[in-house]
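These are the residues of each chain, in order.
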Amino acid sequence: MNRSTWRKIWGDLWTRKGRTLLVSISIFIGVVGVVTLITAGDLLVKQLQEDVKADNLPMLQIYMMIPPDKGDVELDNQAYLDDLQAAFPSITEIEGEANNPFYWKFQDENRFHEARLFSYTTPLTDKTLEPMRLVEGDYPQPGHNQIAVEQRMAEDFELEVGDQIDLRMLGLDEFPTQTWTVSAIVFHAYNDASKQAMYVPFEETTAISGIPGLNILNLRFTDYPTAQASQQAVQAHITQSTPYAAVFVMSEDPAKNQSIESTEDFRTILSVLAIVAMLVCGFLVLNVISNLVSEQRRQIGVMKSLGTTRVETFLIYGGIAASYGIIGMIPGVLVGIPLGYAMATIVGDFANTLIDSFAVSPIAIILGASLGLAVPIISAFVPVYFGTRVSILEAMTDLGIGGSYRIGFLSRVVKSLPVPLNIKQSLNNLLQKKARLALTVITLTLALTAFMGVSAVFVRINEVLQDILDQFEFQAVFQTTQSQPLETIEPLIMNNVDGVKEVYPGSASIVQLEGYVSAQNESNQVIVDGVVTDRGFEEGDFTKGRGWLDDPERDGVVLTNDITNQIHKTVGDTVTLTANGEDRDFEIIGIMNYPFPIAFMRWQDLAEFTGFTLDGQPVPNAFYVLAEQSDPTARDMDKLIERINDKLVENGITASFTNMIEISDMASNAILSIGIVLNVASGIMAAVGAIGLITTLSIAVFERQKEIGVMRSVGAKSPTIIMQFLVEGILVGVLAWLLAAPLSVLLAWFLTEILPFGDFIEF
């Protein structure tokens with residue numbers, strides 16, 4: 001390029017400062033979106049891939065319990081593991097896990113906090129299945145009263161290596177308090193059961209939690225098909241050859257880890273939205289350069305008459321487009337890098353990973369810079385190509401709109417409309433610039449489609465979450481360490497704890513359903529909720545049948561639509577359920593519409609079926625607490641749970657509590673984290689679309705300055721002139737909305753399908 005070319009580019013940029021600013025801001029926003037969204041997704045996936053290795057993942061996870069009638073059996077866990085490995089030579093790794101509630105506090109506190117205590121039959125230093133990352137300190141050693149704290153919990157409570165805390169020793173007589181030392185801070189990416197977690201050697205777990213034995217067996221086989229084929233045989237072996245009962249099995253192919261795949265899907269969504277934002281910018285640049293070339297046809301003719309070649313002319317207008325890109329791209333990349341990191345840290349907890357040091361994504365920077373430059377240049381190619389084809393004669397004799405103005409069908413329709421003259425003029429102005437109208441509508445349609453589609457997904461997720469939470473009329477649930485009958489628990493709490501309106505029993509388990517295949521793990525396992533059948537059900541709950549509305553003592557099972565549709569069953573048919581190796585037929589007495597597949601039974605029937613009995617009588621494995629307070633907060637429920645727990649401990653009963661209000665808040669926060677990302681993306685789309693419309697209207701105002709002067713000369717006031725341009729903007733917006741509405745439905749459906757919880761959302 002020579003100096004004249006540079007001066008021409010600079011002159012056009014500076015002369016049209018407003019237009020340059022608007023287009024550059026649009027590209028800036030698009031580049032910020034690309035770098036931010038792709039950085040967030042890329043950092044999450046990289047961190048998760050670093051923390052979660054396929055070679056360290058179990059293929060089967062067997063969840064176990066000791067049935068109530070075997071609670072006093074002496075356990076020899078290592079012998080059970082050795083027998084299992086001998087019975088199944090294809091097992092390459094086996095590890096037992098204890099995961100139980102316990103209570104701890106700071107030494108100057110009176111109130112105990114509940115957390116989860118994890119321990120493993122393999123020493124923490126030698127774990128090969130789902131190992132943890134040692135962040136600071138040394139792993140705890142047996143007999144030294146040492147404990148490791150999960151990093152996220154350590155940050156929440158400001159715990160550090162060397163701190164001393166008090167533990168309530170639930171496995172010792174009268175539950176004394178002992179002082180333990182934090183020896184290590186660890187990060188456990190594989191632990192998605194609880195972020196409030198501590199770790200001890202297996203020898204210490206019973207004394208702290210009061211719960212003997214194991215909860216989970218983690219098994220790895222020679223290959224995944226062998227693991228799948230061995231699943232039922234392993235369950236049967238555990239139930240028949242050990243005191244444990246295998247309640248249910250989770251199987252997963254390590255090469256297709258759900259956490260990583262879900263996060264990768266999330267990254268794909270972010271990348272697609274970011275690229276769409278840049279495409280919207282591209283249409284804006286195309287529109288601007290088209291108008292620039294159109295209004296400078298005479299200049300192009302003059303330059304050609306002075307010897308300017310077509311290539312030089314091409315470089316001038318391509319250089320203007322590239323300048324827009326450079327002005328917007330550089331600050332866009334610089335702003336997007338820290339925003340992407342901040343977004344990754346916000347969403348990290350949702351992906352069960354921790355990004356604890358600043359990082360950048362090279363691919364995000366490269367894509368942001370490349371798209372920031374390439375999109376405006378490529379967008380400008382077509383209008384510049386055709387604009388520079390104009391001959392000197394055509395350019396010099398161009399009469400503008402008057403040279404080609406024709407009164408066509410649309411113009412006659414506009415003329416006949418019963419609307420004010422200035423509105424007719426607005427319509428005619430839009431129709432005379434059909435190419436500009438098309439580009440503006442496309443720009444705004446893409447922006448609106450993304451904005452409405454993404455927002456719809458967020459709203460729908462929120463609705464489904466609230467529907468699920470509204471199903472629970474209780475505010476807390478607890479499970480006792482040793483099985484307790486309702487006749488013991490209910491009077492103990494109702495007569496001694498203020499603030500409790502009701503305590504009622506329940507049961508929950510996972511059984512196998514013949515003919516059913518879960519979309520999550522390709523198994524035939526179904527969650528069954530054992531309920532008190534004379535409460536909680538209403539006429540509108542059932543899409544077919546009446547469940548227990550007419551007879552609370554009726555035998556049978558209620559299934560959700562997802563299950564019955566898949567197994568092709570309806571009310572009155574029977575289904576075969578399997579628990580602890582026993583098959584039993586149950587009649588379907590009702591079908592419910594529920595956000596995810598689940599079955600319901602009388603809690604007594606479920607307890608008896610799954611072997612949860614004491615002295616031959618069914619006992620609940622959960623107790624539900626309804627508070628007197630009408631709308632308690634999570635903190636209110638914490639205080640009530642503390643009072644209930646103190647009364648149970650006084651009577652030698654230990655239990656694990658779940659604060660449903662807190663669960664609701666946590667779920668809302670998780671949805672909010674996703675919503676922040678989605679709303680950032682949709683906000684970018686809306687901003688780019690808005691700038692596109694502003695730019696188009698600004699060009700229209702500039703082009704029609706003489707027309708505005710004529711209107712003023714004949715008495716037109718400012719409101720009349722403003723209305724004319726406002727109508728143009730509104731008409732473009734309405735047309736774009738009409739096109740975007742159906743497209744946004746398709747986009748929202750697509751996003752819902754590829755989100756990790758899409759199977760539970762009926763869009």
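Provided above is the structure to which this section pertains.
Residues numbered from 1 in each chain as written. Predicted model: local features only at pLDDT ≥ 70, side-chain atom pairs only at ≥ 80, totals over all residues. Heavy atoms only, no water.

Examined against the element boundaries, Ser26 turns out to sit in helix H2 (residues 17–51). Along the backbone, Ser26 and Gly282 are 256 residues apart, and their C-alpha atoms lie at a distance of 9.4 Å. Residue contacts for Ser26: discarding those within four places in its chain leaves Cys281, Leu284, Val688 and Ile691. (Helix = DSSP H or I, 4+ residues; strand = E, 2+ residues; numbered from the N terminus. Contact = heavy atoms within 4.5 Å.)

Take the pattern of salt bridges next. Enumeration over the complete set of coordinates arrives at 15 salt bridges. Of the charged contacts in the structure, one is a salt bridge between Asp646 and Arg168, with a shortest N-O distance of 4.0 Å. Of this pair, Asp646 sits in helix H19 (residues 634–650) while Arg168 sits in strand E6 (residues 164–168), and the two are 478 residues apart along the sequence. Using a relative accessible area of 33% as the deciding quantity, one classes Asp646 as partly exposed. (Salt bridge = Lys/Arg side-chain N within 4 Å of Asp/Glu carboxyl O. Buried < 20%, exposed > 50% of the residue type's maximum accessible area, 1.4 Å probe, protein only.)

Turning next to the packing of H2 against helix H7 (residues 258–295). For the pair H2 and H7, the least separation of the axes is 9 Å and the interaxial angle reads 165 degrees. In this view, H2 runs roughly antiparallel relative to H7, as classed from their interaxial angle. For H2 against H7, the interelement crossing comes out left-handed. In terms of residue class, the contact of H2 with H7 is built from 20 nonpolar, eight polar and five charged. (Axes fitted to C-alpha atoms, helices over the stretch in contact; angles between N-to-C directions. Parallel < 35°, antiparallel > 145°, perpendicular 65-115°, else oblique. Left-handed = near helix turned anticlockwise from the far one by under 90°. Nonpolar A, V, L, I, M, F, W, Y, C, P; charged D, E, K, R; others polar.)

Right, let's get into the packing of H7 against helix H10 (residues 362–387). Where H7 contacts H10, the axes come no closer than 8 Å and their chain directions differ by 35 degrees. Classified by chirality, the crossing of H10 by H7 is right-handed. Along its contact with H7, which presents Ile275, Met278, Cys281, Gly282, Val285, Leu286, Ile289, Ser290 and Val293, the element H10 presents Leu371, Gly372, Val375, Pro376, Ser379, Ala380, Pro383, Val384 and Gly387. Here the contact of H7 with H10 is built from residues that sort into 13 nonpolar, five polar and no charged.

Tracing the sequence through the fold places Leu172 in the loop between E6 and strand E7 (177–187). Separated by 158 residues in the primary sequence, Leu172 and Ile330 have C-alpha atoms spaced 65 Å apart.

Now for helix H6 (residues 224–241). The end-to-end C-alpha separation of H6 is 24 Å, in line with the 26 Å expected for 18 residues at 1.5 Å each. A maximum bend of about 50 degrees is found in H6 at Ser230. Looking at H6, one finds that the buried residues are Tyr224, Ala227, Ser230, Gln231, Val234, Gln235, His237, Ile238 and Thr239. Looking at the buried side of H6, the elements it contacts are strand E1 (60–65), helix H3 (77–87), strand E9 (216–221), strand E10 (245–251) and strand E12 (500–513). (Expected span 1.5 Å × (residues − 1). Bend = angle between axes of the 7 residues up to and from the residue.)

If you look at the biggest cluster of nonpolar residues, it comprises 65 residues, and the most contacted ones within it are Leu37, Ile289, Tyr317, Ile320 and Tyr324. It is H7 that contributes the most residues to this core, 15 residues altogether. When residues no more than four places from it in sequence are discounted, the contact partners of Leu37 are Leu270, Leu273, Ala274, Met343, Val677 and Ala681. Of all hydrophobic cores here, the second largest spans 27 residues; its members include Val625, Ala634, Met637 and Val649. (Core = buried A, V, L, I, M, F, W, Y, C linked by side-chain atoms within 4.5 Å.)

With that settled, consider a nonpolar patch on the surface. Together, Ile722, Met723, Leu726, Ile730, Val734, Trp737 and Leu738 give the surface a local cluster of nonpolar side chains, amounting to about 680 Å² of exposed area. Looking at the secondary structure, you find Trp737 in helix H22 (residues 718–754). On the basis of relative accessibility, which here comes to 43%, the residue Trp737 falls in the partly exposed class. (Patch = residues over 30% accessible without salt bridge, like charges linked within 9 Å, V, L, I, M, F, W, Y side chains within 5 Å. Areas by Shrake-Rupley, 256 points an atom, 1.4 Å probe, with all protein chains shown as cover.)

The subject of this paragraph is the pairing of strand E3 (residues 113–120). Across the eight residues that make up E3, a large majority, six, are buried. Bridge count between strand E2 (residues 91–106) and E3: eight bridges; the pairing is antiparallel. Along E3, the bridge assignment pairs Tyr103 with Glu114. Hairpin connection, E2 to E3: the antiparallel pair is bridged by six residues. Across three bridges, E3 lies against strand E8 (residues 197–199) in parallel orientation. Residue pairing for E8: Arg116 is matched across the bridge by Ala197. (Pairing = 2+ DSSP bridges.)

Despite not being glycine, Glu130 shows a phi value in the positive range, around 50 degrees. Taking relative accessible area as the criterion, Glu130 reaches 11% and is therefore assigned buried. In the Ramachandran plot, His568 falls in the positive-phi region, its phi being about 60 degrees despite a non-glycine side chain. Position of His568 among the secondary structure elements: in the loop between helix H17 (561–567) and strand E16 (574–579).

Function cannot be inferred from these measures alone, as they are strictly geometric.
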